[in-house]
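# Summary of structural features
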Amino acid sequence: MTDKLILSPKYKAFLRCNAPVEFLEGTTAAGKTTVGIFKFILKCAESSKKIHILSGLDLGTIEKNIINKDLGILDDFGSLVEYNAKGKGQYSLPHLILHTSKGERIIYILGYDNKARWKKALGGQYGCLYIDEINIADWKEKSIQAFTLERYAIL
Ligand SMILES: Nc1ncnc2c1ncn2[C@@H]1O[C@H](COP(=O)(O)OP(=O)(O)O)[C@@H](O)[C@H]1O
Ligand SMILES: [Mg+2]
């Protein structure tokens, strides 16, 4: 394991690509999550919207594979990011606060095992959406399509 984010030409091309929706496919440990979340946080910072969503199987899995891992969000962004696992203040759901030069961005952490919570989130206005391992999500409803996204999702 290395402690630095290595950006191969392919990853640099991915970071520079501007598409409204992106899907990353590859073998286990190919680097999809590592590079996907890095781009996702940059897009949240760049977005004019305040609220964004980061989703994975459940809270524990998201914490382990995305937030706390080596080259995860806290490792990559350090003091620019604050993780509130139990919610804080007016934001009662687990969330990350991203401090940017344009103000705070709130990134809700939403497990797709929790259908009730997904339903509550429907109808909101969000900037960016990241869903880890979307292939294992067993949605019956077409929840994702109901989201109003400003411009950007990595699935
Ligand atoms: N660009 C990168 N630079 C350095 N290490 C990386 C990079 N991408 C992935 N890794 C490392 O490789 C391992 C697997 O990466 P991960 O993003 O979890 O893969 P995937 O989501 O495709 O299964 C992790 O330990 C991660 O830290
Ligand atoms: Mg992954």
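First things first, this report covers the structure right here in the doc. (Residues numbered from 1 in each chain as written. Chains lettered and ligands numbered in written order. Predicted model: local features only at pLDDT ≥ 70, side-chain atom pairs only at ≥ 80, totals over all residues.)

Next up on the list: the environment of Gly 124. Here Gly 124 lies in the loop between helix H5 (115–121) and strand S6 (125–131). Sequence-wise, Gly 124 and His 52 are 72 residues apart; in three dimensions their C-alpha atoms are separated by 9.9 Å. (Helix = DSSP H or I, 4+ residues; strand = E, 2+ residues; numbered from the N terminus.)

Here we take up the pairing of S6. Among the seven residues in S6, six count as buried, and that is most of the element. The sheet contact formed by strand S2 (residues 51–56) and S6 spans three bridges and is parallel. Across the sheet, residue Leu 54 finds its bridge partner in S6, namely Tyr 130. (Buried ≥ 20, exposed ≤ 12 C-beta atoms within 10 Å, placed from the backbone. Pairing = 2+ DSSP bridges.)

Close to ligand 1 lie 16 residues, the nearest being Ile 6, Gly 31, Lys 32, Thr 33 and Thr 34. In terms of residues, the shell around ligand 1 owes the most to one element, helix H2 (residues 32–46), which gives four residues. (Near = placed C-beta within 6 Å.)

Core analysis: the biggest nonpolar cluster contains 30 residues, and Ile 107 and Tyr 130 have the highest contact counts within it. Mapped by element, the contributors of at least two residues to this core are H2, S2, helix H3 (59–67), strand S4 (95–100), strand S5 (103–111), S6 and strand S7 (148–154). Apart from residues no more than four positions distant in its own chain, Tyr 130 is found in contact with Gly 36, Ile 37, Phe 40, Leu 54, Ser 55 and Ile 154. (Core = buried A, V, L, I, M, F, W, Y, C linked by C-beta atoms within 7 Å. Contact = placed C-beta atoms within 7 Å.)

Spatial relationships are all this shows, so hold off on functional conclusions.
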